[in-house]
Amino acid sequence: MSIDVQRAETRTEATQSHGTRANRETDAQAKALLSLLSDLPAGTDRARVRARLIELYIPLAEYLARRFRNRGEQLDDLIQVAHLGLIKSVDGFDPTRGAAFTSYAIPMIVGELKRHFRDKGWDVRVPRRLQELRLEISKISGDLTQTLGRSPTVADLSARLGVSEEEVIEGLDCGQAYRALSLDAPVGDGGDGGTNGLGDLLGGDDPDMRNVENREALRPLLARLPEREQKIIAMRFHGNLTQSQIAAELGISQMHVSRLLAGALKSLREQLTRED
(Lines give C-alpha, C1' and ligand atoms only; values in the text may rest on other atoms or scores of the structure.)
Protein backbone atom coordinates (compact mmCIF):
# COMPACT_ATOMS: atom_id res chain seq x y z
CA MET A 1 0.00 0.00 0.00
CA SER A 2 2.93 2.34 0.68
CA ILE A 3 4.19 1.77 -2.88
CA ASP A 4 0.84 2.98 -4.25
CA VAL A 5 1.01 6.09 -2.09
CA GLN A 6 4.52 6.87 -3.27
CA ARG A 7 3.47 6.41 -6.88
CA ALA A 8 0.47 8.72 -6.41
CA GLU A 9 2.62 11.36 -4.72
CA THR A 10 5.20 11.08 -7.47
CA ARG A 11 2.54 11.77 -10.04
CA THR A 12 1.41 14.94 -8.18
CA GLU A 13 4.98 16.29 -8.16
CA ALA A 14 5.89 15.32 -11.73
CA THR A 15 4.92 18.57 -13.45
CA GLN A 16 5.52 22.21 -12.54
CA SER A 17 4.47 23.83 -15.85
CA HIS A 18 1.88 26.59 -16.12
CA GLY A 19 -1.34 27.24 -18.04
CA THR A 20 -4.10 24.90 -19.16
CA ARG A 21 -1.86 21.87 -19.39
CA ALA A 22 -0.77 22.31 -15.78
CA ASN A 23 -4.39 22.62 -14.66
CA ARG A 24 -5.33 19.42 -16.48
CA GLU A 25 -2.42 17.59 -14.92
CA THR A 26 -3.31 18.91 -11.48
CA ASP A 27 -6.86 17.66 -11.92
CA ALA A 28 -5.56 14.26 -13.05
CA GLN A 29 -3.19 14.06 -10.10
CA ALA A 30 -5.93 15.02 -7.68
CA LYS A 31 -8.31 12.47 -9.23
CA ALA A 32 -5.73 9.73 -8.74
CA LEU A 33 -5.19 10.75 -5.12
CA LEU A 34 -8.92 11.01 -4.43
CA SER A 35 -9.51 7.57 -5.89
CA LEU A 36 -6.67 6.18 -3.84
CA LEU A 37 -7.91 7.93 -0.70
CA SER A 38 -11.33 6.33 -0.99
CA ASP A 39 -9.73 2.86 -1.15
CA LEU A 40 -7.33 3.29 1.75
CA PRO A 41 -8.31 2.32 5.30
CA ALA A 42 -7.61 4.65 8.18
CA GLY A 43 -3.90 4.75 8.91
CA THR A 44 -0.62 6.43 8.13
CA ASP A 45 -0.87 6.05 4.34
CA ARG A 46 -4.36 7.54 4.25
CA ALA A 47 -3.20 10.52 6.33
CA ARG A 48 -0.34 11.16 3.89
CA VAL A 49 -2.63 11.08 0.85
CA ARG A 50 -5.16 13.34 2.57
CA ALA A 51 -2.45 15.85 3.52
CA ARG A 52 -1.11 15.85 -0.03
CA LEU A 53 -4.58 16.49 -1.47
CA ILE A 54 -5.07 19.42 0.86
CA GLU A 55 -1.70 20.87 -0.12
CA LEU A 56 -2.57 20.46 -3.79
CA TYR A 57 -5.70 22.59 -3.52
CA ILE A 58 -4.46 25.25 -1.08
CA PRO A 59 -3.97 27.74 -3.98
CA LEU A 60 -7.64 27.30 -4.91
CA ALA A 61 -8.76 27.93 -1.31
CA GLU A 62 -6.60 31.05 -1.03
CA TYR A 63 -7.87 32.34 -4.38
CA LEU A 64 -11.46 32.03 -3.15
CA ALA A 65 -10.54 33.72 0.14
CA ARG A 66 -9.06 36.69 -1.70
CA ARG A 67 -12.37 37.20 -3.50
CA PHE A 68 -13.86 38.16 -0.12
CA ARG A 69 -11.16 40.58 1.00
CA ASN A 70 -11.82 44.29 1.61
CA ARG A 71 -15.10 43.45 3.30
CA GLY A 72 -14.00 44.26 6.82
CA GLU A 73 -12.29 40.98 7.68
CA GLN A 74 -8.56 40.24 7.83
CA LEU A 75 -7.32 38.29 4.81
CA ASP A 76 -5.39 35.89 7.09
CA ASP A 77 -8.63 35.01 8.88
CA LEU A 78 -10.41 34.43 5.57
CA ILE A 79 -7.61 32.16 4.38
CA GLN A 80 -7.91 30.06 7.54
CA VAL A 81 -11.67 29.75 7.00
CA ALA A 82 -11.08 28.74 3.36
CA HIS A 83 -8.56 26.11 4.48
CA LEU A 84 -11.19 24.71 6.83
CA GLY A 85 -13.65 24.50 3.96
CA LEU A 86 -11.02 22.73 1.85
CA ILE A 87 -10.40 20.15 4.58
CA LYS A 88 -14.14 19.49 4.84
CA SER A 89 -14.27 19.10 1.06
CA VAL A 90 -11.49 16.52 1.01
CA ASP A 91 -13.09 14.58 3.86
CA GLY A 92 -16.60 14.67 2.40
CA PHE A 93 -15.93 14.12 -1.30
CA ASP A 94 -17.19 10.88 -2.86
CA PRO A 95 -15.34 10.11 -6.14
CA THR A 96 -17.80 7.33 -7.03
CA ARG A 97 -20.43 9.95 -7.90
CA GLY A 98 -18.41 10.95 -10.96
CA ALA A 99 -18.33 14.70 -10.26
CA ALA A 100 -15.14 16.74 -10.41
CA PHE A 101 -13.62 17.56 -7.05
CA THR A 102 -13.58 21.31 -7.75
CA SER A 103 -17.34 21.32 -8.46
CA TYR A 104 -17.77 20.00 -4.91
CA ALA A 105 -14.99 21.94 -3.17
CA ILE A 106 -15.67 25.45 -4.50
CA PRO A 107 -19.27 25.69 -3.16
CA MET A 108 -18.10 24.14 0.10
CA ILE A 109 -15.29 26.69 0.58
CA VAL A 110 -17.42 29.64 -0.51
CA GLY A 111 -20.19 28.51 1.83
CA GLU A 112 -17.73 28.35 4.71
CA LEU A 113 -16.57 31.90 3.95
CA LYS A 114 -20.14 33.18 3.80
CA ARG A 115 -20.97 31.51 7.10
CA HIS A 116 -17.94 33.21 8.62
CA PHE A 117 -19.27 36.62 7.58
CA ARG A 118 -22.74 35.70 8.80
CA ASP A 119 -21.72 34.35 12.19
CA LYS A 120 -18.42 36.08 13.03
CA GLY A 121 -18.33 39.28 11.04
CA TRP A 122 -20.92 41.23 13.05
CA ASP A 123 -19.70 43.49 15.86
CA VAL A 124 -23.14 43.25 17.45
CA ARG A 125 -24.74 39.82 17.13
CA VAL A 126 -28.20 39.89 15.58
CA PRO A 127 -30.56 36.95 14.95
CA ARG A 128 -29.86 34.94 11.82
CA ARG A 129 -33.41 35.63 10.64
CA LEU A 130 -32.64 39.36 10.44
CA GLN A 131 -29.26 38.76 8.79
CA GLU A 132 -30.92 36.72 6.04
CA LEU A 133 -33.73 39.26 5.69
CA ARG A 134 -31.16 42.04 5.27
CA LEU A 135 -29.53 40.08 2.44
CA GLU A 136 -32.90 39.54 0.74
CA ILE A 137 -33.67 43.25 1.00
CA SER A 138 -30.32 44.05 -0.63
CA LYS A 139 -30.99 41.59 -3.46
CA ILE A 140 -34.44 42.87 -4.42
CA SER A 141 -33.86 46.60 -3.83
CA GLY A 142 -32.10 47.04 -7.17
CA ASP A 143 -34.79 45.17 -9.11
CA LEU A 144 -37.56 47.16 -7.45
CA THR A 145 -35.79 50.43 -8.17
CA GLN A 146 -35.69 49.59 -11.89
CA THR A 147 -39.27 48.34 -11.94
CA LEU A 148 -40.78 51.24 -9.99
CA GLY A 149 -38.51 53.98 -11.32
CA ARG A 150 -37.79 55.12 -7.77
CA SER A 151 -36.34 53.86 -4.52
CA PRO A 152 -38.61 51.21 -2.99
CA THR A 153 -40.47 52.12 0.17
CA VAL A 154 -40.82 49.91 3.23
CA ALA A 155 -44.30 48.98 2.00
CA ASP A 156 -42.88 47.95 -1.41
CA LEU A 157 -40.24 45.75 0.21
CA SER A 158 -42.81 44.26 2.56
CA ALA A 159 -45.15 43.32 -0.29
CA ARG A 160 -42.34 41.80 -2.38
CA LEU A 161 -40.86 39.73 0.45
CA GLY A 162 -44.15 38.74 2.05
CA VAL A 163 -43.18 39.99 5.51
CA SER A 164 -44.55 42.75 7.72
CA GLU A 165 -43.32 46.32 7.46
CA GLU A 166 -42.00 46.09 11.03
CA GLU A 167 -39.79 43.16 10.00
CA VAL A 168 -38.49 45.10 7.00
CA ILE A 169 -37.56 48.01 9.28
CA GLU A 170 -35.78 45.61 11.62
CA GLY A 171 -33.89 44.12 8.69
CA LEU A 172 -32.80 47.58 7.50
CA ASP A 173 -31.79 48.69 10.97
CA CYS A 174 -29.73 45.60 11.72
CA GLY A 175 -27.24 46.63 9.03
CA GLN A 176 -25.95 49.23 11.46
CA ALA A 177 -24.87 46.44 13.81
CA TYR A 178 -22.32 45.00 11.38
CA ARG A 179 -19.65 47.51 12.33
CA ALA A 180 -19.50 49.46 15.59
CA LEU A 181 -17.60 52.72 15.97
CA SER A 182 -14.99 53.09 18.67
CA LEU A 183 -15.82 55.57 21.42
CA ASP A 184 -12.42 57.10 20.67
CA ALA A 185 -13.33 57.74 17.02
CA PRO A 186 -12.79 61.45 16.20
CA VAL A 187 -15.95 63.38 15.39
CA GLY A 188 -14.86 67.02 15.30
CA ASP A 189 -12.74 69.83 16.67
CA GLY A 190 -12.67 69.95 20.44
CA GLY A 191 -12.22 73.72 20.42
CA ASP A 192 -8.88 73.70 22.23
CA GLY A 193 -6.78 72.40 19.39
CA GLY A 194 -7.74 68.79 20.13
CA THR A 195 -10.32 66.51 18.60
CA ASN A 196 -13.51 65.33 20.21
CA GLY A 197 -14.10 61.60 20.42
CA LEU A 198 -17.46 59.93 20.01
CA GLY A 199 -17.47 59.17 23.73
CA ASP A 200 -17.33 62.91 24.50
CA LEU A 201 -20.75 63.35 22.89
CA LEU A 202 -22.46 60.71 25.01
CA GLY A 203 -24.57 61.98 27.85
CA GLY A 204 -23.97 61.00 31.43
CA ASP A 205 -26.30 60.20 34.30
CA ASP A 206 -28.36 63.17 35.45
CA PRO A 207 -28.15 63.22 39.27
CA ASP A 208 -31.64 64.74 39.47
CA MET A 209 -33.10 61.71 37.66
CA ARG A 210 -32.21 59.54 40.62
CA ASN A 211 -34.50 61.62 42.84
CA VAL A 212 -37.49 61.69 40.51
CA GLU A 213 -39.01 58.54 41.97
CA ASN A 214 -38.47 59.75 45.52
CA ARG A 215 -40.02 63.15 44.78
CA GLU A 216 -43.04 61.60 43.13
CA ALA A 217 -43.50 59.23 46.05
CA LEU A 218 -43.22 62.10 48.54
CA ARG A 219 -45.65 64.40 46.75
CA PRO A 220 -48.90 62.80 48.05
CA LEU A 221 -47.38 62.20 51.49
CA LEU A 222 -46.41 65.87 51.86
CA ALA A 223 -49.96 66.85 50.96
CA ARG A 224 -51.24 64.88 53.98
CA LEU A 225 -49.10 66.83 56.47
CA PRO A 226 -50.56 69.78 58.39
CA GLU A 227 -50.16 73.09 56.58
CA ARG A 228 -47.58 74.42 59.03
CA GLU A 229 -45.33 71.33 58.67
CA GLN A 230 -45.62 71.60 54.89
CA LYS A 231 -44.52 75.23 55.08
CA ILE A 232 -41.59 74.43 57.36
CA ILE A 233 -40.34 71.67 55.05
CA ALA A 234 -40.67 73.94 52.00
CA MET A 235 -38.79 76.76 53.72
CA ARG A 236 -36.07 74.42 54.98
CA PHE A 237 -35.41 72.29 51.87
CA HIS A 238 -36.65 74.49 49.05
CA GLY A 239 -35.87 77.91 50.42
CA ASN A 240 -32.66 76.73 52.17
CA LEU A 241 -33.52 78.71 55.32
CA THR A 242 -32.01 77.85 58.68
CA GLN A 243 -34.21 76.79 61.59
CA SER A 244 -33.61 80.19 63.21
CA GLN A 245 -34.76 82.01 60.08
CA ILE A 246 -37.85 79.78 59.86
CA ALA A 247 -38.64 80.46 63.52
CA ALA A 248 -38.39 84.21 62.96
CA GLU A 249 -40.61 83.95 59.87
CA LEU A 250 -43.31 81.94 61.68
CA GLY A 251 -43.02 83.73 65.01
CA ILE A 252 -42.20 80.60 67.01
CA SER A 253 -39.09 79.38 68.79
CA GLN A 254 -36.24 77.64 67.02
CA MET A 255 -36.71 74.63 69.33
CA HIS A 256 -40.35 74.38 68.27
CA VAL A 257 -39.32 74.46 64.61
CA SER A 258 -36.82 71.69 65.26
CA ARG A 259 -39.45 69.46 66.90
CA LEU A 260 -42.02 70.06 64.14
CA LEU A 261 -39.44 69.40 61.40
CA ALA A 262 -38.16 66.21 63.05
CA GLY A 263 -41.70 64.90 63.54
CA ALA A 264 -42.69 65.61 59.94
CA LEU A 265 -39.58 63.91 58.53
CA LYS A 266 -40.11 60.89 60.76
CA SER A 267 -43.72 60.58 59.59
CA LEU A 268 -42.70 60.80 55.94
CA ARG A 269 -39.94 58.22 56.41
CA GLU A 270 -42.30 55.76 58.10
CA GLN A 271 -44.94 56.13 55.38
CA LEU A 272 -42.36 55.59 52.63
CA THR A 273 -41.06 52.48 54.39
CA ARG A 274 -44.56 51.04 54.70
CA GLU A 275 -45.33 51.65 51.03
CA ASP A 276 -42.05 50.02 49.95
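Residues numbered from 1 in each chain as written. Predicted model: local features only at pLDDT ≥ 70, side-chain atom pairs only at ≥ 80, totals over all residues. Heavy atoms only, no water.

(A) Structural context of the packing of aromatic side chains. The final tally for this structure, using the stated rule, is 3 aromatic pairs. An angle of 50 degrees between the planes, with centres 4.8 Å apart, marks the rings of tyrosine 57 and phenylalanine 101 as tilted. With tyrosine 57 in helix α3 (residues 44–66) and phenylalanine 101 in helix α5 (residues 101–120), this pair connects stretches of sequence that are 44 residues apart. The class for tyrosine 57 is buried, based on a relative accessible area of 6%. You can call phenylalanine 101 buried: its relative accessible area is 5%. Ring centres 5.3 Å apart and planes at 90 degrees place the aromatic pair phenylalanine 93 and phenylalanine 101 in the edge-to-face group. Like phenylalanine 93, the residue phenylalanine 101 is buried in the burial classification. Ring-pair connections join several aromatic residues into one group, and the members of that group are Tyr57, Phe93, Phe101 and Tyr104. (Phe/Tyr/Trp six-rings, centres within 6.5 Å; stacked < 30°, edge-to-face > 60°. Helix = DSSP H or I, 4+ residues; strand = E, 2+ residues; numbered from the N terminus. Buried < 20%, exposed > 50% of the residue type's maximum accessible area, 1.4 Å probe, protein only.)

(B) Focus on the pattern of salt bridges. Inspection of every chain in the model, using the stated rule, returns 8 salt bridges. For arginine 129, the salt bridge goes to glutamate 167, with nearest N and O atoms at 3.9 Å. On the criterion of sequence distance, the pair formed by arginine 129 in helix α6 (residues 128–148) and glutamate 167 in helix α8 (residues 165–173) is long-range, its members being 38 residues apart. For arginine 129, a relative accessible area of 44% gives the class partly exposed. Taking the relative accessible area as the measure of exposure, glutamate 167 reaches 28% and is therefore partly exposed. (Salt bridge = Lys/Arg side-chain N within 4 Å of Asp/Glu carboxyl O.)

(C) Just unusual backbone geometry, in detail. Non-glycine residue asparagine 240 carries a positive phi angle of around 55 degrees. Note that asparagine 240 resides in the loop between α10 (227–238) and α11 (243–250). By relative accessible area, asparagine 240 is classed as exposed at 61%.

(D) The arrangement of the nonpolar core in detail. Counting residues in hydrophobic clusters, the biggest one holds 27 residues, and the most contacted among them are Leu53, Tyr57, Leu86, Val90, Phe101, Ile109 and Leu113. Those elements that provide at least two residues to this core are α2 (19–39), α3, α4 (75–92) and α5. If sequence neighbours within four positions are ignored, leucine 86 has contacts with Ile54, Tyr57, Ile58, Ala61, Phe101 and Ile109. Listed in part, the 12 residues of the second largest apolar core include Met235, Ile246, Leu261 and Leu268. (Core = buried A, V, L, I, M, F, W, Y, C linked by side-chain atoms within 4.5 Å. Contact = heavy atoms within 4.5 Å.)

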